[in-house]
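If you want the building blocks of each chain, they are given just below.
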Amino acid sequence: MNGSLEIDIDGDFSEGRIAFYNFSQNNVTYKAFEKKVLPSGQLQVDAISEQGVEFQNPMDTDAKIKVTPSGTWSVKDGVEITAAGEPGAKLLSHVTYPNNTPYALVAVDQASGKVIEEISSAKTLSLKAGQTVIFKMNDEPGWYWDNKGCITVDWMVLD
């Protein structure tokens, strides 16, 4: 009261609303609020790209990044495929990542070359500061050239 500091809370808080109850006090001033806008964006993962699309954690700290795929692509026979791929396809041992669903969109850690997640639907990736992942379709090596279409990946930093 009377110009004295009543509340001082530091920290980062998740998205939401804030409210104050003034208890019938007049001329109350609230100040020094800061809104932090977290990065977001969109990637296009072309089905013909055997190298895939690189994505680097845009934060200088570890971060949770929500990725949401949409769209379809097709292999040479023209059958439309979503980011979920084709479970049960007979190519299991011939695809780039045989332990993962054929034709699925995968996120591969660039440093280790290992799949960290299949991106069949909205997923949250926990990435280290500076970590780069590669989004690509899990197709047969050397046979990406006959694919058509792309999968769009919307991404947003959650914290």
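It should be noted that the structure appears before, not after, this text.
Residues numbered from 1 in each chain as written. Predicted model: local features only at pLDDT ≥ 70, side-chain atom pairs only at ≥ 80, totals over all residues. Heavy atoms only, no water.

**Considerations on the packing of aromatic side chains**
Each aromatic ring pair is characterised by the separation of its centres together with the angle its planes make.
Working step 1: Summed over all chains, the structure comprises four aromatic pairs.
Working step 2: Measuring from centroid to centroid gives 5.7 Å for Trp143 and Trp145, while their planes differ by 35 degrees, and the two rings are tilted.
Working step 3: Trp143 sits in the partly exposed class, given a relative accessible area of 39%.
Working step 4: For Trp145, a relative accessible area of 59% corresponds to the exposed category.
Working step 5: What links up through ring pairs into an aromatic cluster is the set Phe55, Phe135 and Trp155. (Phe/Tyr/Trp six-rings, centres within 6.5 Å; stacked < 30°, edge-to-face > 60°. Buried < 20%, exposed > 50% of the residue type's maximum accessible area, 1.4 Å probe, protein only.)

**Some points on the pairing of strand β2 (residues 53-56)**
Within a regular beta strand, the side chains point alternately toward one face of the sheet and then the other, so they alternate between its two faces.
Working step 1: Only one face of β2 is covered, namely the face carrying Val53 and Phe55; the face carrying Glu54 and Gln56 is uncovered.
Working step 2: Inspection of the sheet shows β2 paired to strand β9 (residues 132-137) by four bridges, in the antiparallel sense. Across the sheet, residue Gln56 finds its bridge partner in β9, namely Thr132. (Helix = DSSP H or I, 4+ residues; strand = E, 2+ residues; numbered from the N terminus. Pairing = 2+ DSSP bridges.)

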